[in-house]
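# Observations on chain architecture
Each chain is listed here by its residues.
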Amino acid sequence: MSEPSAVQSTETSSESVQTSYHIKQSDQGASLEVKDFCLWYGQSQALYNINMSIQKGMVTALIGPSGCGKSTLLRCINRMNDLVDDLRIDGQIRVGDFDIYGPGVDVIALRKRMGMVFQKPNPFAMSIYENVIYPLRVDGVSKKSILDETVERSLRSAALWDEVKDRLDQSALGMSGGQQQRLCIARGIASDPEVLLMDEPCSALDPIATSKIEELIHELREQYTIVIVTHNMQQAARVSDNVGFMYLGKMIEYGETEAMFVNPKRKQTADYITGRFG
């Protein structure tokens, strides 16, 4: 990886000045670019002028108190918020050379490029095998050799293969919570996405299962760009390369994780990280 480079602070409005500095940069460049992104639900504005460069092959954490817009921003990256009535956006989220909210974008194709892992494990009421290959079934893939290879590859990547390889035909609902979440990760990467979005993936898990998910994130960062929403400051510090602190729909500060936690530039960031509010 190359040395971090300074990013100039961006004044987005008189109400909100986003401070960005020294993001850790990938040799592969940016995977996603969020530029002056705003979102409204009807007349209510939920996101204000978000700017961030999400680096390829790295982990970016979004932190902040409940209701600050972290999950809203995450769901904008694969356009899941399109399902909400009376939604309006401004600004851009760019993947490579195209704006994902531009005219003519194939939203289904976009979502295949963005794997998603939710807050609570949500395996389908079917076998472990069928859970993993569900995205391929949707695409009409039926060749058994391809499905078998995908199951093994995805479960190995999710550090689950050795635990379940002898019971792939059994219901996924019989797995432990931690195993179910790793299965959901395996399902999320089965179609080989570019980006893996994780919305508080450990919030429903015990410390041992949480540790396994964090180890998995470290391993997966070599293959995928990961964006994770978390309320756990220690987890953000452990797993991420860059971190963004959000408050009331605004990106208050965005930068390299170590710098943000050791020497935040904004008082709000320091207060949140040290537990003075949240």
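Residues numbered from 1 in each chain as written. Predicted model: local features only at pLDDT ≥ 70, side-chain atom pairs only at ≥ 80, totals over all residues. Heavy atoms only, no water.

### With respect to the overall build of the protein chain
For the protein chain, the count of helices and strands is ten helices and twelve strands. Over its C-alpha atoms the protein chain spans a radius of gyration of 19 Å, differing by no more than 12% from the 19 Å that the globule rule assigns to 278 residues. Projected onto the principal axes, the alpha-carbon positions of the protein chain cover approximately 60 × 45 × 35 Å. Across the 278 residues in the protein chain, those meeting the buried criterion constitute 51%. Considering only contacts within the protein chain whose residues lie at least 6 apart along the sequence, 67% involve residues at least 24 apart. Total accessible area computed for the protein chain in this model is approximately 12,700 Å², and 47% of it derives from carbon and sulfur atoms. Averaging the locations of the 29 positively and 36 negatively charged side chains of the protein chain gives two centres separated by 2 Å. (Helix = DSSP H or I, 4+ residues; strand = E, 2+ residues; numbered from the N terminus. Rg over C-alpha atoms; globule rule 2.2 N^0.38 Å. Buried < 20%, exposed > 50% of the residue type's maximum accessible area, 1.4 Å probe, protein only. Contact = heavy atoms within 4.5 Å. Areas by Shrake-Rupley, 256 points an atom, 1.4 Å probe, with all protein chains shown as cover. Lys, Arg positive; Asp, Glu negative; His and termini not counted. Charge placed at Lys NZ, Arg CZ, Asp CG, Glu CD.)

### Side note on helix 7 (residues 207–220)
If you check helix 7, its first and last C-alpha atoms are 20 Å apart, about what 14 residues at 1.5 Å a residue would give, namely 20 Å. Buried within helix 7 we find Ala209, Thr210, Ile213, Glu214, Leu216, Ile217 and Leu220. Down the axis, helix 7 shows its buried residues gathered within 160 degrees of arc, on one side only. Relative to its buried face, helix 7 has exposed residues pointing more than 90 degrees away, namely Pro207 and Ile208. (Expected span 1.5 Å × (residues − 1). Arc of directions from axis to C-beta.)

### Digging into unusual backbone geometry
Look at Arg79: it is not a glycine, yet its phi comes out positive at around 60 degrees. Positive phi, normally seen in glycine, also occurs at Ala159, with a value near 55 degrees.

### Regarding the pairing of strand 11 (residues 242–247)
Regular strands show a simple pattern: their side chains alternate between the two faces of the sheet. The buried count for strand 11 comes to five of six residues, which makes it a mostly enclosed element. Both strand 5 (residues 59–63) and strand 11 contribute to a ladder of four bridges, which runs parallel. What sits directly across from Thr60, in strand 11, is Asn242. In this structure, strand 11 lies alongside strand 12 (residues 250–256), joined through six bridges in antiparallel fashion. Bridging from a neighbouring strand, Asn242 pairs with Glu256 of strand 12. (Pairing = 2+ DSSP bridges.)

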